[in-house]
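Structure assessment
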Amino acid sequence: MSQNETREGAQSYEIKVGLAEMMKGGVIMDVTNPEEAKIAEESGATAVMALERVPSDIRRDGGVARMCSIAVIEGIRETVSIPVMAKVRIGHFAEAQVLDAVGIDFIDESEVLTPADDTHHVEKHGFRAPFVCGCRNLGEALRRIGEGAAMIRTKGEAGSGNIVEAVRHLRQVNGDIRAIQALRDEELYTTAKDLGAPVNLVQYVHANGKLPVPNFAAGGIATPADAALCMQLGAEAVFVGSGIFKSEDPEARARAVVHATTHWNEPDEILAASRGLGEAMEGIEMETLSESEKLSNRGW
Amino acid sequence: MKTVGILGIQGDVAAHARAIARVGAASRRVLRGEEIAECDALILPGGESTTISKGITRLELWEPLRAFARSGRPLLGTCAGAILLAREARASDAHERVETLGVLSAVAVRNAYGTQVDSFAGILDPGAAEAVAEFRGVFIRAPQLTELGDSVEVLARVDEQPVLVRESNVWAATFHPELGDDPRVHAAFLSS
């Protein structure tokens, strides 16, 4: 066989999941301009997420939240050499085509933006760029993987500065996985039906005790201890959105969250990371949010 | 049994641990100088080279890692790990310089193929070292190695670019032999 016949490009699912593997143990930070991206890279972020507004500002301002402007993405890419991610609205495959064409490293089909389709998500296999999607439970995670997502993250509650939803979603996904491991083979079909998930992926989880793609945490991480909590609950890396650039000293906090994520199971190191950070972002108590205000309810 | 350390600052540590298990050796994630010194072989995994480089500074591991390289024990870097081994890491001028160990006589050009949409997988060119002949390499935002020193042996190429090289005890792959289930690169490294 010639070289050309054996060569596979970025559309290969293995290559997409491979980039997600490379981000394990790291921190992906939301940034809105090149200056913030520089601070994120300097602090040891594994990737930056380019946005017009961080989730807490989207929440405050209201209105329709769309894909980031290309000028912002290009400005950030000229400034940093780490991977640049960007979000598209749920189901907005044309926004995804634009990001794919500009050569983005990862696309987040995100509930943080205003959904473009209230029934369907993007069919993700056809793109060169890999996708990450949020989930609250195993069924949602496997539906997104079935559509082609190469990385899964919890939804948590973006822009809230409150870790409770991310914890709930991590426990739910991992609890769902343990429950499936306890089943007999013939029970997987009805379970797949109940979860609304492809049966082959339920069978994978049964056999391997994990998702077929990396499983990261997002939505409400504001402190080094929040990051360590998610890692100890089984997350393989963390996204920090508003938590860094809405805090008093973003540079110190960014470095501290990176340190705590590397040393997630060493309390002395998490302690060291927790000193001298100034104020964290302000948080929102979940009970004060109505169901329609919860971003995590978006996605189908 | 040999214990292979995997630098655990960030990256695909778990994938390397699986590859090491496949060739019947034990591995451990290492984060401290004394842990590095105890290992029989050491791997710098794939991940983000800037993130890992800054982590090495934060954890004060430059000297322990250089001492390990000098000790003659096998040292392998894959992708980001290969960049960290090089004498210099080069990127576009606007981007910050990544500090490296300088234990491999080569210059690493970061993201030499482009962004993730330019990542690819393919079989090594004919003429690769017998132990890795027709190995399928997965290249993810991969670097290239240039300006190789005379003592650097090229074990494999893709599109005529060196992708697997060896200088005495130091091995560097610009691809990810830890992904997939072919253990031959790890086996050759550990038997060196």
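For the structure, see preceding data.
Let me sum up the structure you'll find in this document. As the structure is a prediction and not an experimental result, all values here were calculated from the model.

Turning next to the pattern of salt bridges. Per the counting criterion, the structure on display carries 34 salt bridges over all chains. Notably, a salt bridge pairs Asp159 of chain B with Arg7 of chain A, separated by 3.1 Å at the nearest N-O pair. Placement of the pair is Asp159 of chain B in the loop between strand 10 (153-158) and strand 11 (161-167) and Arg7 of chain A in the loop between helix 1 (3-6) and helix 2 (13-22), with the two residues belonging to separate chains. Judged by relative accessible area, which is 25%, Arg7 of chain A ranks as partly exposed. Residue Asp108 of chain A is joined to Lys87 of chain A by a salt bridge in which the shortest nitrogen-to-oxygen separation is 2.8 Å. Separated by 21 residues along the polypeptide, Asp108 of chain A in strand 4 (residues 106-110) and Lys87 of chain A in strand 3 (residues 84-89) bring together distant segments of the chain. Considered together, Asp108 of chain A and Lys87 of chain A belong to a single accessibility category, that of buried residues. Shared partners join several salt bridges into a network, and the residues in it are Arg53, Asp57, Arg60, Asp61 and Lys246 of chain A.

Residues other than glycine predominantly adopt negative phi, and peptide bonds predominantly adopt the trans conformation. Residue and element names in this part refer to chain B. A positive phi angle, near 45°, is found at Arg141, a position not held by glycine. Along the chain, Arg141 falls in the loop between strand 8 (136-139) and strand 9 (144-146). Residue Arg141 is classed as buried on the basis of its relative accessible area, which comes to 8%. Despite not being glycine, Glu160 has its phi angle at roughly 70°, a positive value. The class of Glu160 is exposed, set by a relative accessible area of 65%.

Counting residues at the interface gives 43 residues for chain B and 44 residues for chain A. Of the roughly 3,400 Å² buried at the junction of chain B and chain A (both faces included), carbon and sulfur atoms supply 49%. Our count for the contact surface shared by chain B and chain A stands at six salt bridges. For Glu269 of chain A, the salt bridge is made with Arg32 of chain B, and the minimal N-O distance between the two is 3.3 Å. Taken together, the links from chain B to chain A amount to 22 residue pairs in polar contact (both at pLDDT 80 or more). The set of elements that each furnish at least two residues to the side of chain B that touches chain A consists of helix 3 (49-58), strand 7 (120-123) and strand 8 of chain B. When grouped by side-chain class, the residues that make up the side of chain B that touches chain A number 14 nonpolar, 14 polar and 15 charged.

Moving on, we get to the sheet that holds strand 1 (residues 3-7) of chain B. Residues and elements named next belong to chain B. If you walk across this open sheet you meet the seven strands as 2-1-3-4-12-11-10, and the pairing is mixed. With partners counted over all chains shown, the strands left at the sheet margins are strand 2 (26-30) and strand 10, one partner each. Each adjacent strand pair in this sheet contributes to an overall mean axis angle of 20°, direction not counted. Helix-sheet contacts for helix 1 (residues 13-22) involve strand 1, strand 2, strand 3 (41-44) and strand 4 (75-78), and the interaxial angle to strand 1 is about 165°.

The rules behind the values
Residues numbered from 1 in each chain as written. Chains lettered and ligands numbered in written order. Predicted model: local features only at pLDDT ≥ 70, side-chain atom pairs only at ≥ 80, totals over all residues. Heavy atoms only, no water. Salt bridge = Lys/Arg side-chain N within 4 Å of Asp/Glu carboxyl O. Helix = DSSP H or I, 4+ residues; strand = E, 2+ residues; numbered from the N terminus. Buried < 20%, exposed > 50% of the residue type's maximum accessible area, 1.4 Å probe, protein only. Contact = heavy atoms within 4.5 Å. Buried area = accessible area lost by both parts, 1.4 Å probe. Polar contact = N/O pair within 3.5 Å; in protein donor to acceptor, adjacent residues only side chain to side chain. Nonpolar A, V, L, I, M, F, W, Y, C, P; charged D, E, K, R; others polar. Pairing = 2+ DSSP bridges. Axes fitted to C-alpha atoms, helices over the stretch in contact; angles between N-to-C directions.

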